[in-house]
Amino acid sequence: MRVQRLSPAPIVGAALFLAACGGSSLTVEVLSDTPQGPTAQENIEVGFFPFDRDSVFDALDAQASSPKPEIPADMVSTFEEIRSLQEQYNSKNNEWADGRDRLQTLSEELQGLDRRSRDYMQRYEEFGDLESQVNRLEREKVELFEQFTGMQESVAVRVDSFRIARDSWEEAAYSDYFDVEQEILKARKAEVFYDTTGVAGTVTRSLPGGDWWVVARVPTPRGELYWNVKVDPSAMDTLRLSGDNGEDRVRL
């Protein structure tokens, strides 16, 4: 696919128009939703841009010679079903593992008890009941595993085809991105900063004057949680990135 090469000036101008005043030290905290609640994310790259990079991509999307490939709705539904089956499998597998461990404990306890004792009979009955449950759970988790792996295999060819089409389109449509970025940075006499979150899920950066856009992404079962948040460092000292202000993107 060929993309018409246009002057980056209009895109550069639009990005510069969005820049305002600001500047100070900013701490960014990256959190991800888990069953245990919001959890700090370590080793996440955080970018600090003196312009809205998404607006540049939007402009490049608009000037592309063909529409951006979108994941078909039925494929999204299939992957949602696969994700649900995987979650059920993980839950079932954890329950099975707990039951198996308890069987091992009971087996060891039974070996040290008098078979005529009440304690022995109680544990023996518990062992028998639990053994039946563990065997059932094993059958169920195997069935779930076969279901979601089978569904993954059924759409593998379509996924590969989509990825090839998407990557080819992005390579052509976004080929001018870095040229545009350099023009913007040159005009602003600015630069892009990158840093990585530590064990507390935070990173602190001293930023020159002007509004900034904080960019980060965290992998999720659906694809990724993405942030491109405009900040004025002179008006805030901490930015929390979480599911509340992120975009949950499906990404194959």
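Before reading further, recall that the structure is shown in the block above.
Residues numbered from 1 in each chain as written. Predicted model: local features only at pLDDT ≥ 70, side-chain atom pairs only at ≥ 80, totals over all residues. Heavy atoms only, no water.

Enquirer: So what's going on with the sheet that holds strand β4 (residues 193-196)? Which residues, and what values?
Expert: Strand order in the open sheet made by the 5 strands is β4-β3-β6-β7-β9, with antiparallel pairing throughout. Each edge of the open sheet is held by one strand with a lone partner, namely β4 and β9 (247-250). Neighbour-to-neighbour, the strand axes of the sheet open up by a mean angle of 25°, direction not taken into account. (Pairing = 2+ DSSP bridges. Helix = DSSP H or I, 4+ residues; strand = E, 2+ residues; numbered from the N terminus. Axes fitted to C-alpha atoms, helices over the stretch in contact; angles between N-to-C directions.)

Enquirer: How would you sum up the environment of S175? Please name residues and give values.
Expert: Mapped onto the elements, S175 comes out in the loop between α4 (118-173) and α5 (177-188). Of the polar contacts made by the side chain of S175, one reaches the backbone oxygen of A172; its length is 3.0 Å. (Polar contact = N/O pair within 3.5 Å; in protein donor to acceptor, adjacent residues only side chain to side chain.)

Enquirer: Can you break down the nonpolar core residue by residue, with the values?
Expert: In this structure, V28, F48, V214 and L241 are the most contacted members of the largest nonpolar core, which totals 19 residues. If you list the elements that add at least two residues to this core, you get β1 (24-34), β3 (45-49), β5 (202-207), β6 (212-219), β7 (223-231) and β8 (238-241). Residues contacting V28, with those up to four places away along its chain left out, are V46, F48, G201, T202, V203, V214, L239 and L241. Within the second largest apolar cluster, 17 residues are counted, among which are A64, W169, Y177 and V192. (Core = buried A, V, L, I, M, F, W, Y, C linked by side-chain atoms within 4.5 Å. Buried < 20%, exposed > 50% of the residue type's maximum accessible area, 1.4 Å probe, protein only. Contact = heavy atoms within 4.5 Å.)

Enquirer: Please give an account of the environment of V199 that cites residues and values.
Expert: Turning to its location among the elements, V199 is positioned in the loop between β4 and β5. A residue is classified by how much of its surface remains accessible, and V199, at 69% relative accessible area, is exposed. Considered as a pair, V199 and V250 are 51 residues apart in the sequence and their alpha carbons are 27 Å apart. If near-sequence neighbours (up to four positions away) are discounted, V199 is found in contact with A40 and E42.

Enquirer: Help me get a handle on the layout of surface pockets, residues and values and all.
Expert: Taken as a whole, the largest pocket spans an internal volume of roughly 740 Å³. Contributing to the lining of the largest pocket are 24 residues, with K68, E170, Y174, R249 and R251 lying nearest its centre. Elements that contribute at least two residues to the lining of the largest pocket include exactly α2 (53-63), α4, β7 and β9. Examining the composition of the lining of the largest pocket, we find that 5 residues originate from one element, α2, more than from any other. Class assignment for the residues of the lining of the largest pocket results in 9 nonpolar, no polar and 15 charged. (1 Å grid on protein atoms, 1.4 Å probe; cavity = no way out; pocket = protein on both sides within 12 Å on 5 of 7 lines; lining within 4 Å. Points joined across faces, edges and corners; volume = space filled by probe spheres on them. Nonpolar A, V, L, I, M, F, W, Y, C, P; charged D, E, K, R; others polar.)

Enquirer: Can you tell me about the packing of α2 against α5, naming the residues and giving the values?
Expert: The geometry of α2 relative to α5 is characterised by a closest axis approach of 11 Å and an angle of 135° between their N-to-C directions. Considering their axes alone, α2 and α5 lie oblique with respect to each other. The element α2 and its partner α5 pack so that their crossing is right-handed. Residues R53, V56, F57 and L60 of α2 form the contact with α5, whose own contacting residues are Y177, V180 and I184. Here the residues of the contact of α2 with α5 sort into 6 nonpolar, no polar and 1 charged. (Parallel < 35°, antiparallel > 145°, perpendicular 65-115°, else oblique. Left-handed = near helix turned anticlockwise from the far one by under 90°.)

Enquirer: Explain the packing of helix α3 (residues 73-111) against α4 to me, and be specific about the residues and the numbers.
Expert: Between α3 and α4, whose axes approach to 7 Å, the crossing angle comes to 155°. In this view, α3 runs roughly antiparallel relative to α4, as classed from their interaxial angle. Every pair of crossing elements has a handedness; the one defined by α3 and α4 is left-handed. Residue classes in the contact of α3 with α4 are distributed as 21 nonpolar, 8 polar and 14 charged.

In short, geometric facts, not functional conclusions.
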